[in-house]
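# Descriptive analysis of the structure
Chain residues, written in single-letter form:
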Amino acid sequence: MSFGVEDQAEQFFRSGHTNNWAVLVCTSRFWFNYRHVANTLSVYRSVKRLGIPDSHIVLMLADDMACNPRNPKPATVFSHKNMELNVYGDDVEVDYRSYEVTVENFLRVLTGRIPPSTPRSKRLLSDDRSNILIYMTGHGGNGFLKFQDSEEITNVELADAFEQMWQKRRYNELLFIIDTCQGASMYERFYSPNIMALASSQVGEDSLSHQPDLGIGVHLMDRYTFYVLEFLEEIHPASQTNMNDLFQVCPKSLCVSTPGHRTDLFQRDPQKVLITDFFGSVRKVEMTTETLSLDRDVAGFESKFPEEELATEPLKYAEQLPVAQIIHQKPKQKDWHPPGGFILGLWALIIMVFFKTYGIKHMKHVF
Amino acid sequence: QVQLVVPMAVVFGPGSVPGDLPRPLPFRDVQEMEISVNCERPPCLSLPRPLLMGGLADAALHPLQDTTLGSLTVYVVPETSSLLPQGINVYVGKHRSALVRAVGSLAALQARLREVTQVMSFTAASIAAALSDRVPDGRLSPDARRDLKSSLGYEITFSLLNPDPKSHTVDWDIEGAVNRYVKPVLDKLSLVANFSVDSQILYYAVLGVTPRYDKESSSFLLSAHSLPHVINPVEARLGSSAASLYPVLNFLLYVPERSHSPLYIQDKDGAPVSTNAFHSPRWGGIMVYNVEAPASPQASFPLHVDVDMARVMEVFLAQLRLLFGLSREEVPPEFLLEGPGNEGLADWELDHLLWAHTVENIATVSTTLTSLAQLLDKIGNIVIKDDVASEVYRAVASVQSAVTKLSLGHLHAAFQASKEAVTSSERAFFDPSLLHLLYFPDDQKFAIYIPLFLPMAVPILLSLAKIVRETRMRKKEPTKMD
């Protein structure tokens, strides 16, 4: 593949991003959802292979496959039948595992409204020059995605989260890929600029799984992700493949469902967007042509701002906690309960109407 | 509307006063240049820049004085003076003063002074670049803003990469180098942000690219288009402090393997780069340090290598300057700039940074508070905690004070106020309690309670209807009764 160095330089400066992030979410748990974990881990492997480091990947998995008692090959998660490729490997770094994969944590990661005690690896520290890849897989429906069988995230909430990210300029461009049933419904409501979305199936269609492995006993991958991964296997960090090729992956003959995509919010032409803009991490570099001339005979340095040696006693335990913050907090209202008076009033109304209608003589039968 | 003021004092040497200067001296002249950076939604910034000129007809040149942040002193020397070398019309010192060769008319002098301000303080382009993420897309090229974003602190990490410990035992006196060369620069920059420095040595860390062997120079070459792929495999091993959230600047010193020595970096045209180093915007820089081949073939491996820290630090500190956007390349040719020496940057370059960061901070605060207000409008029943409210008030007060101080020309105070404003507004915006998930939209409440209450309500409504009918019939009856 020969291309002029000039062209390369031009390509570099077209996208305008300086770093890449990836948020990979698997929203299911339990053994029979093996394929969703394998999907996410395969995308994780590809993204790492193409250059995004673990510090820039937020991986959310239920992580109950590798050590599941029903796994005939413990500590492995396979993505191809005949156990060809172990995507779990030795160096997988799961940031949110098991019960930490909740809608709340996912939205906190996206919007950045994270409690201050969260470590760096669990945060999305993107800035206005970051390209972010968001991959979600699991069970979904028309307008929602199920999280761990207990809660859902709606497409409205997701669109609002992206808008919050845009307001704070937490991304330069965003690629959203979803592999669930009726996945196209999840990107219908997006309204922030610079988002491109791909889904494995349209509203009303189901995404199907690919191949079961008789040794493990479950389906290993979903069709759409399987073919996307075959496509990504041919991408290497210097390749020039663009997004239009990704849109063609998995036609209806192979996937049974119709994959969809949405590019109207995206500023650039998808033809000009490289796959490695989102899946890889290709940095812009500049040659350093200037040097500073330093005087080598410099003795020790005395700072202009000497650090003041304050005689501080070690803080007492109570002073180290953010007490002021805690006591000024209004109680967090987790669930909205109607006020008790309402229920009582309603029942009083029901009883009153009942006895007014049918006569007070029925009272003695009740009590 | 934000006004940026550069207070500038002009001192005329003897014989350098332009002929058409209005009498009597001293006088003050205010020059305004209005630059509007068009943007879609408020706040739009237009930047008038008044230049104050106080003329002095005294003979003696005053010694260079340390002036306050943001202000400039310009000394005008006669046209034929030999203080300035031939062909050079402006000499910019490393503090906040400049020597300007006189010109005939006041208008030409003003034009020259305007040029001086552009070099020493800010240009419309630099302010627009600071605001680049607020300007609607399409107006600026994608790589308009490659300098580091304004932040409260930065972490600097120096890493020594030794891929071949069997051949080289590399010793670098990083602590001494940091104390001697890096601390002065960081001290000067301490006004801008807090810096923390750490260092590490990584063994068996290879670059991701295999260099090409070049027979002519009998050396190995890394071409320009393979450089972007060098950083990624290394980055996975670099690590960063778990506790701090500040952006990290990585400076890597790579000692190539024996089998790949000497290693040179080629730029786009194929010429070797003199510093043998390259940098990536908002990330850091890499320098390749070649070790000479041992004189005798029987030299025992591993070779002991003592790194020349001064040479390395010259490159790293130059890269640090470039990462911050302090480049001296766009200066007009008739300007001569004094080198900054061990301090790393001149006072007026510090001012440059402060102007850009102050404007960026003010823009960030205003968009943050606006979007916070929009969020609260959209979700009506969000609960605002007391401390979030107080942070918002503090942010608004600080940003207003920053804008006033900018219009008075007090750069230091304006910058401190803008820093406080950014801290408060970020704390308010990113408060964990503002997650809109916790507040149910009305249609969800509807959807939950209707299936519960509707079946229950059916007999009630029927009974109510029955009551109403009975009452109406009873009202009609008395007319029938006798």
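About the criteria used
- Residues numbered from 1 in each chain as written.
- Chains lettered and ligands numbered in written order.
- Predicted model: local features only at pLDDT ≥ 70, side-chain atom pairs only at ≥ 80, totals over all residues.
- Heavy atoms only, no water.
- Contact = heavy atoms within 4.5 Å.
- Buried area = accessible area lost by both parts, 1.4 Å probe.
- Salt bridge = Lys/Arg side-chain N within 4 Å of Asp/Glu carboxyl O.
- Polar contact = N/O pair within 3.5 Å; in protein donor to acceptor, adjacent residues only side chain to side chain.
- Helix = DSSP H or I, 4+ residues; strand = E, 2+ residues; numbered from the N terminus.
- Buried < 20%, exposed > 50% of the residue type's maximum accessible area, 1.4 Å probe, protein only.
- Disulfide = S-S within 2.5 Å.
- Phe/Tyr/Trp six-rings, centres within 6.5 Å; stacked < 30°, edge-to-face > 60°.
- Lys NZ or Arg CZ within 6 Å of the ring centre and 35° of its normal.
- Pairing = 2+ DSSP bridges.
- Patch = residues over 30% accessible without salt bridge, like charges linked within 9 Å, V, L, I, M, F, W, Y side chains within 5 Å.
- Areas by Shrake-Rupley, 256 points an atom, 1.4 Å probe, with all protein chains shown as cover.
- Axes fitted to C-alpha atoms, helices over the stretch in contact; angles between N-to-C directions.
- UniProt positions renumbered as here; feature names shortened; annotations may be inferred.
- Lys, Arg positive; Asp, Glu negative; His and termini not counted.
- Charge placed at Lys NZ, Arg CZ, Asp CG, Glu CD.

Let's shift gears to the interface of chain B and chain A. Between chain B and chain A, the residue contacts involve 98 residues of the former and 79 residues of the latter. Summed over both partners, the interface of chain B with chain A buries about 8,000 Å², with 58% contributed by carbon and sulfur atoms. Joining chain B to chain A, the criterion identifies six salt bridges. For A:D127, the salt bridge identified is with B:R282, shortest N-O distance 3.8 Å. Applying the counting criterion to the chain B and chain A interface returns 14 residue pairs in polar contact (both at pLDDT 80 or more).

In a structure, side chains of opposite charge can pair up when their charged atoms sit close to one another. Residue and element names in this part refer to chain A. Inspection of every chain in the model, using the stated rule, returns 24 salt bridges over all chains. Among the salt bridges present, the one from R45 reaches D91, with a minimum N-O distance of 3.3 Å. Placement of the pair is R45 in helix α2 (residues 34–49) and D91 in the loop between β2 (57–61) and β3 (96–97), with a sequence separation of 46 residues. Owing to a relative accessible area of 42%, D91 belongs among the partly exposed residues under this scheme.

Here B:E235 lies in helix α4 (residues 231–238). When residues no more than four places from it in sequence are discounted, the contact partners of B:E235 are A:P53, A:H56, A:R283 and B:W283.

All names here are of chain A. With the rule as written, the count across this model stands at one disulfide over all chains. With its sulfur 1.6 Å from that of its partner, C250 forms a disulfide with C255. Every disulfide takes its handedness from the sign of the S-S torsion; for C250 and C255 that torsion is 95°, giving right-handed. Of the two residues, C250 and C255, both sit in the buried class. The closest cysteine sulfur to the non-disulfide-bonded C26 is located on C181, 14 Å from its own sulfur.

Tallied over the full model, the rule gives 18 aromatic pairs over all chains. Both rings, one in B:Y154 and one in B:F195, keep their centres 5.5 Å apart while their planes meet at 25°; by these two values the pair is stacked. With B:Y154 in strand β7 (residues 153–162) and B:F195 in strand β9 (residues 194–203), the pair connects residues that are 41 residues apart, well separated along the chain. Taking relative accessible area as the criterion, B:F195 reaches 18% and is therefore assigned buried. Over the face of the ring belonging to B:F429 we find A:R113, whose NZ or CZ atom lies 4.6 Å from the ring centre. The positively charged end of A:K122 is found above the aromatic ring belonging to A:Y96, 5.0 Å away from the centroid.

A separate point is the pairing of strand β15 (residues 284–288) of chain B. All names here are of chain B. The buried fraction of β15 amounts to five of the five residues, a majority that puts the element mostly inside the structure. Residue alternation in β15 divides its side chains into two sets, G284, I286 and V288 and G285 and M287, and both sets are buried. Bridging between strand β12 (residues 248–254) and β15 involves five bridges; their strand directions are parallel. Residue pairing in the sheet places Y254 in a bridge with V288 of β15. Adjacent in sequence and paired antiparallel, strand β14 (residues 277–280) and β15 are bridged by three residues, among which R282 carries a positive phi angle near 65°.

Attention shifts here to the pairing of β12(B). Burial analysis of β12(B) places seven of its seven residues in the buried class, which makes it a mostly covered element. Both faces of β12(B) are covered, namely the face carrying B:V248, B:N250, B:L252 and B:Y254 and the face carrying B:L249, B:F251 and B:L253.

Another point: a nonpolar patch on the surface. Where nonpolar side chains cluster on the molecular surface, the patch consists of A:F342, A:I343 and A:W347 and spans about 300 Å² of accessible area. Inspection of the secondary structure puts A:W347 in helix α11 (residues 340–358).

Let us now look at the environment of B:V116. Residue and element names in this part refer to chain B. Here V116 is to be found in helix α1 (residues 106–120). The class of V116 is buried, set by a relative accessible area of 0%. Sequence-wise, V116 and E79 are 37 residues apart; in three dimensions their C-alpha atoms are separated by 17 Å. Apart from residues no more than four positions distant in its own chain, V116 is found in contact with V74, V90, A98, V100 and F335.

Attention shifts here to the sheet that holds β14(B). Pairing is mixed in the open sheet, where six strands are placed in the order β11(A)-β14(B)-β15(B)-β12(B)-β7(B)-β9(B). Only two strands of the sheet have a single partner each, and these edge strands are β11 (286–287) of chain A together with β9 of chain B. As paired elements, β7(B) and β9(B) share 10 bridges and run parallel to each other. Its bridge partner lying in β9(B), B:G153 is registered against B:N194. Sheet strands in contact with α4(B) are β7, β9, β12, β14 and β15 of chain B, and its direction is about 105° off that of β9(B).

A separate point is the UniProt feature "active site" (unreviewed entry) in chain A. Residue and element names in this part refer to chain A. The UniProt record annotates "active site" (unreviewed entry) at H139 and C181. For the annotated residues, spread through 43 residues, the largest C-alpha to C-alpha distance comes to 6.4 Å, consistent with a single compact locus. With respect to the element layout, H139 can be found in the loop between β4 (130–137) and β5 (140–141). The class for H139 is partly exposed, based on a relative accessible area of 26%. Here N33 takes part through its side chain, which lies 2.8 Å from a polar atom of the side chain of H139. The residue C181 is located in the loop between β8 (173–179) and β9 (195–199) in this model. The class for C181 is buried, based on a relative accessible area of 18%. With residues up to four places along the chain from it excluded, the contact list for C181 reads G140, G141, S201, E205, D206 and S207.

What follows deals with a negative patch on the surface. All names here are of chain B. A surface patch of negative charge is lined by D171, D173, E175 and D306. Along the chain, E175 falls in helix α3 (residues 174–188). With relative accessibility at 62%, the residue E175 sits in the exposed group.

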